[in-house]
Amino acid sequence: MAEKTINAGVAAVKVLESWGVKHIYGIPGGSINSLMDALYAEKDNIDYIQVRHEEVGAMAASMHSKLTGHIGVAFGSAGPGGTHLLNGLYDAREDHTPVLALVGQFGTSGLNMDTFQEMNENPIYADVAVYNRQVSTAEQLPHIIDEAIRRAYAQNGVAVVQIPVDLATKEIPDNSNVWYDSAANFQKFPAPAVNEAQIDKAVELLSNAQRPLIYAGIGTRGAANEVKALAEKIKAPIITTAINVDTIPNDTPYWLGSAARVATKPANEAIAQADTVLFVGNNFPFAEVGGFFNHVKTFIQIDIDPAKLGKRHKTDLAILGDAKTVISAITAKASLKDETGWWKANIENNANWQEYLAKLENKTEGQLELFQVYKAIADHAQKDALFSVDVGDVTQTSVRHLHLNGNQPWRTSALFATMGVGVPGSIAWKLDNPDKQVWSISGDGAFNMIMQDVATQVQYKLPVINVVFANSQYGFIKDEQEDTNGSRYIGVEFKDVDYAKVADGLGAKGYSVSKIEDLKTVFDKAIEDQKAGKTIVIDAKIDPSRPIPAEMIQLDPAKFDADTIEKFKKRYQAEDLKPFSEYLNNNNVDFADRELGDGGF
């Protein structure tokens, strides 16, 4: 009797399915068509999502992984199809999230023959990938796919598999001696047991701190209550990395926001005055270049990754462990502190900042600004809404103006900071969460790069709400040029586009708004359309003025003359915004005159 066989490409797709892959993003091509045939054969078990650009597919895979922790998968054909993936793959690499890229290759008969679109692909992906292999035989194909996924998970990175097109067309023996998957066997190392001596040392250092600060990174996701409990017990205000602003409810009075340039005023000011920092689950990339901790007397670090311990600053105590577990252990042993002047000054400073934001957001007349658009978003966002946020000014201003409640996930391209990530993220997230409200928030510069994939949202009936902040400029870069070139701008302004008409042409429902008084009407209609299953694009024509630079606050009369302060207040509508020194002095806390860097920007 003839041995039972299975198509090698189908076996490879079944391996994807065994690891729980539900969606795979890409564009077909001659060198990847054997995979397309396998996807057709398995179409009842895995969904192929046709994007308009391979970059969008790779970024969607990356953003899927960032939100869910589950591996994202994208593919491209040989040559340009595969190289288009790189931007999304680097985004995944920099944010340490598992992604698999399948790259087509000319058939084995034409390898090393300089045939059409045939190139040595392995070196192209060597830098971006933790695992990077070209398949040599049909029998290897499912095994290498399985290995790639396991490595991507184990090393929190990108795996790339190049597939000569003819290999996935061949039949291989259908038995477990030839192909199988290891999905059911995969495990991660358990968190280390708590080291009681280290906990005792941490408690001692924190109890002796006069100006403690908790600096919480993404390692504290899922531990908001534990972080808050420790903060309240030892009277240490909390700041978070910008990418972790969704963990602590933003109305927490002692949550000060994030630091550096994508930042808030209270967070930057608190860092400059802190004497002790508890650095938890954090890889703040601007620490050294910005000199953020140079003045800190005591630096305590908690991280689950041994490679991170001591990475960003000379560390007095390093604890290897799960953030939630270690923080709980410290809280249990720490003594309850009475309110301190430091604690009260930070809360009062933060309240003043929140009043400033509210004043901007609640304006009812004048030219439309980004602040009022955020107010409309916040007013119409569901309590468990998902926010896929692009990079640039919208990253900075989302941190300040979305006012997340702790149950509204917020993701962007963090360390790689690639423009155009908002729309791809929203595609993946709406596919993953069909019953949740999904927002894509972009500046017009980033939206210009990937707006064609609004058609992908429409094609797959994804009622995403895309908000475009349109001011005909790369605002974040323009602000940098102001700081370095004295307002001698080049390459940062561009022609306006009617994005509402573009949306209509792509099959979505487009709205344009340029007046504060029209915001509620437009957003109300958009929500109605979203509930009816339509894809929405809101083209918000906003004033091009610069948001307040939280890294360069000019308010303190001990540091700036009256004319400088007056000009700063007038430009940024900051008439009621006060320097931190005022709150410190009112609470009998000495103010240290320190300047922090802006992280190299």
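Sequence order sets the numbering: in each chain, residues are counted from 1 along the sequence as written. Residues qualify for local features only when their pLDDT is at least 70, as the model is predicted, and side-chain atom pairs are given and counted only at 80 or more; totals for whole chains, interfaces and linings, by contrast, use all residues. For the side-chain quantities, the full set of heavy atoms in the structure was used; hydrogens and water were omitted.

**A short note on the side chain of Thr-97**
In plain terms, the rule: The secondary structure listing takes helices from DSSP runs of H or I that are at least 4 residues long and strands from runs of E that are at least 2 residues long, numbered from the N terminus. Within 3.5 Å is the distance limit for a polar contact, defined as a pair of N or O atoms, with the added protein rule that one can donate a hydrogen and the other accept it, and that residues adjacent in sequence qualify only through two side-chain atoms. By the convention used here, residues are in contact when the closest approach between their heavy atoms is within 4.5 Å.
Turning to its location among the elements, Thr-97 is positioned in the loop between helix 5 (86–94) and strand 5 (99–105). Within the structure, Thr-97 has its side chain in polar contact with the side chain of Ser-65 (distance 2.6 Å). Not counting the four nearest positions on each side in its chain, Thr-97 is found in contact with Ser-62, Ser-65, Lys-66, Ala-92, Asn-156 and Gly-157.

**Observations concerning helix 3 (residues 54–68)**
Stated precisely, the cut-off is as follows: Each residue after the first adds 1.5 Å to the expected span of a helix.
Here helix 3 spans 21 Å end to end across 15 residues, near enough to the 21 Å set by a 1.5 Å rise per residue. Directly beyond the C-terminal end of helix 3, a positive phi value near 80° is found at Gly-69.

**Observations regarding unusual backbone geometry**
Glycine aside, negative phi is the norm for most residues, and most peptide bonds take the trans geometry. Stated formally: A 1.4 Å probe rolled over the protein chains alone gives each residue an accessible area, and that area as a share of the maximum for its type sets the label: buried under 20%, exposed over 50%, partly exposed in between.
The phi torsion at Ala-260 lies on the positive side, around 85°, for a residue other than glycine. Looking at the secondary structure, you find Ala-260 in the loop between strand 10 (238–240) and helix 9 (265–273). Exposure remark for Ala-260: the relative accessible area of 1% places this residue in the buried category. Even without glycine at this site, Gln-573 takes up a positive phi of about 50°. Assignment of secondary structure puts Gln-573 in the loop between helix 21 (562–571) and helix 22 (580–586).

**Structural notes on the pairing of strand 19 (residues 536–541)**
Defined as follows: Strand pairing is assigned whenever DSSP identifies at least 2 bridges connecting the two strands.
With six of its six residues buried, strand 19 lies for the most part within the structure. Residue alternation in strand 19 divides its side chains into two sets, Ile-536, Ile-538 and Ala-540 and Val-537, Asp-539 and Lys-541, and both sets are buried. Where strand 17 (residues 465–470) and strand 19 come together, six bridges link them in parallel fashion. Among the inter-strand pairings, Phe-469 is bridged to a residue of strand 19, identified as Ala-540. With five bridges joining them, strand 18 (residues 509–513) and strand 19 adopt parallel strand pairing.

**As for the pairing of strand 5**
Burial runs high along strand 5: seven of the seven residues are buried. Where strand 5 lies against strand 7 (residues 158–164), seven bridges are found, and the strand directions are parallel. Residue pairing for strand 7: Val-103 is matched across the bridge by Gln-162.

**Thoughts on the confidence of the model for the chain**
To be explicit about the condition: A score between 0 and 100, pLDDT records how confident the predictor is in each residue.
Averaged over all residues, the pLDDT of the chain is 95; the fraction at 70 or higher stands at 99%. In the predicted structure, residues 597–601 sits below a pLDDT of 50 and forms 14 contacts with residues beyond four places in sequence or in another chain.

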